Amino acid sequence: MSHPSSILQCHTEPIHILGRIQDRGFLIGVEKDKEQVTHASENVNSLLSIDANDLIGRHCKILDKLITGPGFLFSHYAASLSKGDENLPNHYPVVTCNHINYYLIHSFSNNYLIFETEPVLQEGDVSDKIFEIVDTVIGQNVIADIMDAAVSEIKRITGLERVMIYQFHADGSGQVVAEAIDGGLEPFMGLRYPETDIPRQARELYKKNHTRLVHEAGGTTPLVISSTPTPLDLTYSVLRAVSPTHIEYLKNMGVTSSYSVSIMDDNVLWGLVSCHHSTGKIIDYKVRQATLLIAKVMMSGISEKLKDLSKQAERKYTASYSKLQELIIQEHNFKSGLNKGLQHLLHTTNASGFALMFDGQLYTHGLVPERDQILSIIEWHKAKSIYGLYYTQQFSKEEHRAVAYYKKASGILIAPLTVEEGYLMWFKKENRYVVQWAGNPHDKDTQPVKGNQQLQRYVPRKSFAVWRENITHQSESWTNEEISSAQRVAVLLDSSFEKERKQISDYNSKLNRITKDLEFFSYTVSHDLKTPLTVIRSYAQLLLLAGDSMSPKEKEITKKIVTSVDKMSEMISGVNQLTRINKNEITFKEVDVSKLINDIVSDHTIAHEYHKTKIVIGNTPEIFGDHHLIYHCFSNIIGNALKYSSKTGNPKVEISGFKKDNYTCYRILDNGIGIPPEDHAHIFDLFNRCQNAGEFEGSGIGLPIVQTILEKHKGYAWCISNLGEGTAFYLVFQNTPS
């Protein structure tokens, strides 16, 4: 086979300017402005009894006596068409040439009026049948039945041996989806034909000229004689001659006559009514117009059914979208709503799996690739700099690494989010099936072009025997409804997150203002109270020094004043400490908890004389955090354990910790007084003291400080306690600052 660059591609063949016509009629071309004959097919010699060359350059009046009809004058008709006369009838006139009746069909080609004749083969009109036919076609409820009715009716009025509905696929290939045939013929139903069988330029012609009759493949093709050097564009011609390649193709199929009707869905070529006949056959022009109407009615019915199916899919996807939207609103937390709505996210399309990458977290549902494979998909998408939605049913064709997970994700739909480098991804599993081709589509024989031995052309295949191809690594295609739904979901998540981010920003602004106000209030209160409290304490102590003149009752009251002042000072110091903890940033370092606990135990034992208490220190893993704050945290909890167990018979405190996954947990257990059940929910409230703690010193500030310190470390605390049996406090720290 020759090098590809030297092969004449079939889609480059100029089939609209072949310069010849089929011989069932003749062609006359008239220049619109001068009304001169500029083109004439050479068969006018026999059909009009005038030499074609004698017509060229003459005013079109010369045809007034050659092309006649009741009340018809050719030159007036041509002039009216040139001027765009709106009063002309909307059907083509029947004229007489050499005692034979013809339809006179006109079209426009640049500045030329093209007149063509076709013989009138049947008298009267087919309109008496067409209404019944239309009722039959549109009366069907299923798309397959609509198409079956259409091919049956077209076969009935044309008398052709084979009538098929040929639907185009996205890759340009086509498939027979309905068929009506004479008995004894081999059915073509379900067979697929490659894109080259109806090449690109042929499909473009079908979009413009909606019927095409080849009444005899290989028949006589009269030359179009022209007064201009530019080839005449016969795009809208009804007699345009047939490409030699197509004639060869038809002969290889055993077809002599073929007829095609364009099936248009709006301005898109959806398919063709494709008809075959083994012998030469002319179909009356009005019958052909009737078949065009049937094709339009059929497509209208198909479109309505497809719209119904589309609406069903939209309703299904919208229901899942609405549930997702409701969840996001109800949860008041974007991430929580997403986590609970994964199933709904999956069902906003007909995918088999779903993944969401958001704020560094990966959420998945259904059948999906592994985590590292999903991350590689995101890397691939970023590297490609693809804007907007991306979808394919054969991802392994685009990304070689996708071969590793094609069974789970042959098809992929990616919707990048505008926030947090987020990605929505839907996956469709592999959909294996077998395509039955009419002949091997990969067989392409070539032969030298006549007059140029260096140039090769493709030769139409001779075999149309069924050739089966296994389709793998491919999913079902993504529908328009799925693509629209995915886009809608992406907009919802973007807008919902932006809304939440704005709310958080507003809340933070308000919180910052409140915090500053509280800091100012705390500073003011502590500053303004210190002086009078100091004065009160000083006067109370002076009174105690002059104690000889005071009664015992007065001394007791004065001592209570000093104690209360000290307690209030302690509370003010605690509030100031809490404010500083909230305000200041913390420095994360590895903390030696073993030394820290031993120091705390030693300090409390000496200060409060807890020498009777048995203290058991177990495993003490390191903590990642701020040393000063962690000291305060443990000091408060251990101090409470020592204090509230000090009055039991055999006081005991146990301290131990362990690491697991990404956190470290410490337990501080005592056998003290315990916490009443009604106080469990309030132990971390500011200034709260348990009902049974009255005989112990305390301000109710220690546990709120513990909670604040843990929150600063992204940790948390809780307790388990039985009244009269003791309490276990649990402190949980993250192993990293994140």
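Residues numbered from 1 in each chain as written. Predicted model: local features only at pLDDT ≥ 70, side-chain atom pairs only at ≥ 80, totals over all residues. Heavy atoms only, no water.

Enquirer: Help me out: how do you make sense of unusual backbone geometry in this one?
Expert: Among all residues except glycine, the phi angle is most often negative; among peptide bonds, the trans geometry is most common. The backbone of N98 sits at a positive phi, close to 55°, despite the residue not being glycine. When you line up the elements, N98 lands in the loop between β6 (94-97) and β7 (100-109). For N110, which is not glycine, the phi dihedral falls at a positive 55°. With respect to the secondary-structure elements, N110 resides in the loop between β7 and β8 (112-119). (Helix = DSSP H or I, 4+ residues; strand = E, 2+ residues; numbered from the N terminus.)

Enquirer: Can you walk me through the pattern of salt bridges in this structure?
Expert: Oppositely charged side chains can form a pair if their charged atoms are brought close together. A full pass over the atoms with the stated rule returns 17 salt bridges. Taking the shortest distance from any N to any O, the salt bridge between K155 and D182 comes out at 2.5 Å. A residue pair is termed long-range when its members are at least 10 positions apart, and K155 in helix α5 (residues 143-158) and D182 in the loop between β10 (174-181) and β11 (192-193) qualify at 27 residues. In this structure K155 comes out as buried when scored by relative accessible area, which is 18%. Note that R667 and E654 form a salt bridge whose closest N and O atoms lie 3.6 Å from each other. With R667 in strand β29 (residues 663-670) and E654 in strand β28 (residues 652-660), this pair connects stretches of sequence that are 13 residues apart. The class of R667 is partly exposed, set by a relative accessible area of 28%. Within this structure, R24, E118 and R288 form a network of salt bridges that share partners. (Salt bridge = Lys/Arg side-chain N within 4 Å of Asp/Glu carboxyl O. Buried < 20%, exposed > 50% of the residue type's maximum accessible area, 1.4 Å probe, protein only.)

Enquirer: What am I meant to see in the sheet that holds strand β19 (residues 411-416) here?
Expert: Strands pair in a sheet through their backbones, by hydrogen bonds, and they do so in one of two ways: parallel or antiparallel. Here we have five strands laid out as an open sheet, ordered β17-β16-β20-β19-β18, and antiparallel in their pairing. Of all the strands in the sheet, the pair left with one neighbour each is β17 (361-366) and β18 (390-392). Adjacent strand axes in the sheet meet at a mean angle of 10° when their direction is disregarded. Here helix α11 (residues 371-384) sits on the sheet in contact with β16 (353-358), β17, β18, β19 and β20 (423-428), set at roughly 115° to β20. (Pairing = 2+ DSSP bridges. Axes fitted to C-alpha atoms, helices over the stretch in contact; angles between N-to-C directions. Contact = heavy atoms within 4.5 Å.)

Enquirer: Would you mind going over the sheet that holds strand β26 (residues 614-617) with me for this structure?
Expert: The five strands are arranged β26-β28-β29-β31-β30 in an open sheet whose pairing can be described as mixed. One side of each edge strand has no neighbouring strand; the edge strands of this open sheet are β26 and β30 (716-722). With direction set aside, neighbouring strand axes in the sheet form an average angle of 15°. Sheet topology places β30 next to strand β31 (residues 726-734); seven bridges connect them, and they run antiparallel. If you follow Y716 over to β31, its bridge partner there is V732. Strand contacts of helix α14 (residues 593-608): β26, β28 and β29, with the helix running at about 175° to β26, the strand carrying the most contacts. Contacting β30 and β31, helix α16 (residues 702-712) crosses the sheet at an angle of about 25° to β31.

Enquirer: Would you mind going over the nonpolar core with me for this structure?
Expert: Nonpolar side chains in soluble globular proteins tend to be buried together. Ranked by size, the top nonpolar core spans 36 residues in total, and within it V137, M147, I165, V273 and M298 carry the most contacts. Among the secondary structure elements, those contributing two or more residues to this core are α4 (127-138), α5, β9 (162-168), β10, β14 (257-265), β15 (268-277) and α8 (285-331). Tallying contributions element by element places α8 first for this core, with nine residues. By size, the runner-up hydrophobic cluster in this structure holds 35 residues, among which are V593, I630, A641 and I655. (Core = buried A, V, L, I, M, F, W, Y, C linked by side-chain atoms within 4.5 Å.)

Enquirer: Quick question: what am I supposed to make of α11 here?
Expert: Taking 1.5 Å as the rise per residue, α11 with 14 residues should run 20 Å; its terminal C-alpha atoms sit 20 Å apart, in good agreement. All of the buried residues along α11 are Q373, I374, S376, I377, I378, W380 and H381. Along its buried surface, α11 packs onto β16, β17, β18, β19 and β20. S385 lies just past α11 and shows a positive phi near 55°. (Expected span 1.5 Å × (residues − 1).)

Enquirer: So what exactly am I meant to see when it comes to the packing of aromatic side chains here?
Expert: Any two aromatic rings considered together are summarised by their centre-to-centre distance and by the angle between their planes. A complete count under the given rule lists 19 aromatic pairs for this structure. Ring geometry for W718 against Y730: centres 4.8 Å apart, planes inclined by 10°, an arrangement best described as stacked. One end of the pair, W718, is in strand β30; the other, Y730, is in strand β31, and twelve residues separate them in sequence. Under the relative-accessibility criterion, Y730 is labelled buried at 16%. Through a chain of ring-to-ring contacts, the aromatic side chains of F72, F74, Y77 and F115 assemble into a single cluster. The ring of W478 has K428 lying over it, and the distance from NZ or CZ to the ring centre is 4.5 Å. The side chain of R488 reaches across the aromatic face of Y321, ending 4.0 Å from its centre. (Phe/Tyr/Trp six-rings, centres within 6.5 Å; stacked < 30°, edge-to-face > 60°. Lys NZ or Arg CZ within 6 Å of the ring centre and 35° of its normal.)

Enquirer: I keep staring at α5 and nothing clicks. Help me out?
Expert: Three or four residues apart is the spacing at which side chains of an α-helix point the same way, because the helix has 3.6 residues per turn. Taking 1.5 Å of rise per residue, 16 residues should cover 22 Å, and α5 covers 23 Å from first to last C-alpha, within 8% of that figure. Looking at α5, one finds that the buried residues are I143, I146, M147, A149, A150, V151, E153, I154, K155, I157 and T158. In the stretch just after α5, G159 is the one whose phi turns positive, near 75°.

Enquirer: Sorry if this is basic, but what is going on with the packing of α4 against α8 here?
Expert: Each pair of packed helices can be summarised by the angle the axes make with each other and by the distance between the axes. Between α4 and α8, the least distance of the axes is 10 Å, while the angle of their chain directions is 25°. In terms of their interaxial angle, α4 and α8 are classed as roughly parallel. Regarding α4 and α8, the two cross each other, and that crossing is right-handed. Listed contacts from α8 to I130, I133, V134, V137 and I138 of α4 are A290, L293, I294, V297 and M298. Among the residues making up the contact of α4 with α8, the classes are represented as ten nonpolar, no polar and no charged. (Parallel < 35°, antiparallel > 145°, perpendicular 65-115°, else oblique. Left-handed = near helix turned anticlockwise from the far one by under 90°. Nonpolar A, V, L, I, M, F, W, Y, C, P; charged D, E, K, R; others polar.)

Enquirer: I would appreciate a short explanation of the packing of α14 against helix α15 (residues 627-645) in the present structure.
Expert: Where α14 contacts α15, the axes come no closer than 10 Å and their chain directions differ by 45°. Regarding the angle of α14 to α15, the classification is oblique. Crossing of α14 over α15 shows right-handed handedness. Packed against α14, whose contacting residues are V593, L596, I597, I600, V601, D603 and H604, the element α15 presents H627, I630, Y631, F634, S635, I638, G639 and L642 at the interface. A per-class count over the contact of α14 with α15 returns ten nonpolar, four polar and one charged.

Enquirer: I would appreciate a short explanation of the pairing of β20 in the present structure.
Expert: A regular strand places its side chains on the two faces of the sheet in alternate fashion. Of all six residues that make up β20, six are buried, and the element is covered over most of its length. Residue alternation in β20 divides its side chains into two sets, Y423, M425 and F427 and L424, W426 and K428, and both sets are buried. As paired strands, β16 and β20 are joined by five bridges and run antiparallel to one another. Bridged to A355 within β20 is M425. Relative to β20, β19 runs antiparallel, the two sharing six bridges. Residue pairing in the sheet places A415 in a bridge with L424 of β20. Connecting β19 to the antiparallel partner β20 that follows it, the hairpin turn spans six residues, and E420 within it adopts a positive phi of roughly 50°.

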